[in-house]
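An overview of the molecular structure
The primary structure of each chain is shown beneath.
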Amino acid sequence: MYNSKITGLGKYVPENVVTNDDLSQLMDTNDEWIQERTGIKERRHIKKGDGNSTAKMGAKAAEIAIKRAGLTNNDIDMIVFATLSPDYYFPGCGVQVQHLMGMDTIPALDVRNQCSGFIYALATADQFIKSGMYKNVLIIGSENHSGGLDFTTRGRSVSVIFGDGAGAAVLSREEDTSKGVLSSHLHSQGEHALELSLKGPSTEQWVPELIENNPQENIPYYPYMNGQFVFKNAVVRFSEVIMEGLEKNNLNVTDIDMLIPHQANLRISQFVQKKFKLTEDQVFNNIQKYGNTTAASIPIALTEAWENGKIKEGDTVVLAAFGSGFTWASSIIKW
Ligand code: ACO
């Protein structure tokens, strides 16, 4: 029996900083509303011509993670790439990373689980390592949201929340089964699939039908989010899935050294923190700087927490996410 453990972490965000005041030049919004409802002060957006894409940002984060793991690209046995904003409808971003990084013809798998994507990717990689099939798996979460958001007043309740960026981790074989990824807990509830979704173009509505069937001012190729419904479900599922992970490992809330919640909305993280009576030092948030980067948010936050010395060997680290699908998930890690 093996466990898997994170041996390297990396992040990459585009240089272009977009503040709330910048957005208020494009739509009817303001810094006070955005900060009060979401905690976000600024986010990064890819700029046309800056050489970034979902796969390219993922590769940049991966390069750092592989180096920090003390490995080379040739040591990676598999890529698992989580995103809701792939560069192409198909193929996925994983194969692009395999090519961009000059890797051997290793398997590359894309995960389509939105905000929970990184934990689903981690759980998948963990199983390949636990089974003994692979030794080192590269997991990436990366998003280019800015290219697909409605930056007019019509889209303001969604477009102010999301940002671009990428995070990556190398998961490696660990012989000591008391260390590394102890367990992961994955859930879905497709009943609410359309409450946070991008409905078109799709096989249900290709481009000509989209244009024909919808009023010009409401063509559904921008994301739709039933914000309050998502919020209410998020706080319940976050709490449930964290408890599920702790109970599985005979741990208590007081055993958490670091909780890295998916950076959906600072209010959601604060709700969870309060509910579990966690201190500021036990929860890491950086949504203020990057907005919600969906599949990238956990690996970006985890990387930053680690870079800032907030995670030490032996710590109990909890990852938790909730998002579109609905899907939600947690991982309990002994660092
Ligand atoms: N600027 C100014 N006013 C705005 C903006 C904006 N950007 N967006 C909406 N408003 C207005 C609305 O039009 C509405 O005005 P009205 O009262 O005149 O109709 C008012 O503000 C309140 O709008 P609500 O949508 O009711 O605001 P709410 O308090 O629900 O906050 C928000 C919206 C921030 C989206 C909240 O519902 C939320 O955080 N939901 C959770 C969503 C989330 O976290 N999603 C991400 C998780 S899933 C994932 O990561 C993919």
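Refer to the structure printed above.
Everything in this summary refers to the structure shown in the same document. Along each chain, the written sequence defines residue order, and numbers are assigned to residues from 1. Side-chain atom pairs in this predicted model are given and counted only at pLDDT of 80 or more, local residue features only at pLDDT of at least 70, and totals for whole chains, interfaces and linings cover all residues. Only hydrogens and water are set aside when side-chain values are computed; all heavy atoms of the structure are taken into account.

What about the overall build of the protein chain?
As a reminder, the rule being used: Working definition: helices are DSSP H or I runs of at least four residues, strands are E runs of at least two. Numbering for both runs from the N terminus. As defined in this context, the radius of gyration uses C-alpha atoms, and a globule is described by 2.2 Å times the residue total to the power 0.38. Categorising residues by exposure relies on relative accessible area from a 1.4 Å probe, with only protein chains included: less than 20% of the type maximum marks a residue as buried, more than 50% marks it as exposed, and the intermediate range marks it as partly exposed. Contacts were defined at the residue level, with two residues in contact if any of their heavy atoms lie within 4.5 Å. Using a 1.4 Å probe, the Shrake-Rupley method yields the accessible areas, and only the shown protein chains count as cover for residues. When charges are counted, neither His nor the chain ends are considered; positive counts come from Lys and Arg and negative counts from Asp and Glu. The location of each charge is read from NZ of Lys, CZ of Arg, CG of Asp or CD of Glu.
In terms of helices and strands, the protein chain carries eleven helices and 13 strands. Since a compact globule built from 335 residues should have a radius of gyration of about 20 Å, the 19 Å found for the protein chain is in line with a globular shape. The 335 residues of the protein chain split such that 55% are buried. Sequence-distant contacts, at least 24 apart, represent 77% of the contacts inside the protein chain between residues at least 6 apart. Carbon and sulfur atoms form 49% of the exposed surface of the protein chain, whose accessible area is close to 14,900 Å². The protein chain carries 31 positive and 39 negative side-chain charges, and their two centres are separated by 3 Å.

What about the pairing of strand β13 (residues 327-334)?
Operational definition: Two strands qualify as a pair provided DSSP detects at least 2 bridges between them.
Extensive coverage of β13 is indicated by the burial of seven of its eight residues. When strand β8 (residues 180-188) meets β13, the two strands line up antiparallel, connected through eight bridges. Opposite L186, over in β13, you have A329 as the bridge partner. Bridge count for strand β12 (residues 316-323) against β13 is eight bridges, and the pairing is antiparallel. Bridged to L319 within β13 is S331. Hairpin connection, β12 to β13: the antiparallel pair is bridged by three residues, and G325 has positive phi, about 145°.

With respect to the nonpolar core
Under the convention used in this document: Think of a nonpolar core as a cluster: buried Ala, Val, Leu, Ile, Met, Phe, Trp, Tyr and Cys residues, connected wherever their side-chain atoms sit within 4.5 Å. In this document the domain limits rely on a domain assignment from an automatic tool or a database.
With 37 residues, the main nonpolar core has I242 and L259 as its most contacted residues. Residue assignment for this core shows that the elements contributing at least two residues are α8 (227-248), α9 (266-275), β12 and β13. Among the elements that make up this core, the one with the highest residue count is α8 (seven residues). Inspection of this core shows a minimum of three residues originating in each of domain 1 (3-177) and domain 2 (181-334). The residues contacting L259, other than those within four sequence positions of it, are I242, V272, L278, Q282, V283, F284, V318 and A320.

Observations concerning the side chain of Q282
As for its placement among the helices and strands, Q282 is situated in the loop between α9 and α10 (287-290). The contact partners of Q282, leaving out residues within four places of it in the chain, are V253, T254, I256, D257, M258, L259 and K277.

A closer look at the packing of aromatic side chains
The geometry of an aromatic ring pair is captured by the separation of the ring centres together with the interplanar angle, meaning the angle of the planes. Here is the rule we go by: Put simply, two rings from Phe, Tyr or Trp (the six-membered ring, in Trp's case) pair if the centres are within 6.5 Å, and we call them stacked under 30 degrees between planes, edge-to-face over 60, tilted for the rest. Ring-over charges, as used throughout, are those where CZ of Arg or NZ of Lys falls within 6 Å of the ring centre and within 35 degrees of the ring normal.
Applying the stated criterion across every chain yields a total of six aromatic pairs. With 6.2 Å between their ring centres and 50° between their planes, Y89 and W206 make a pair best called tilted. Taken together, the positions of Y89 in the loop between β4 (78-82) and α4 (93-100) and W206 in the loop between β9 (196-197) and α7 (207-213) put the pair 117 residues apart, joining distant regions of the chain. Taken together, the ring pairs in this structure connect F229, F322, F326 and W328 into an aromatic cluster. Above the face of the Y2 ring, R173 is positioned so that its terminal group lies 4.1 Å from the ring centre. Across the ring face of Y224, the terminal group of K199 is positioned such that the distance to the ring centre comes to 4.8 Å.

Read these as layout, nothing more, since geometry by itself doesn't imply function.
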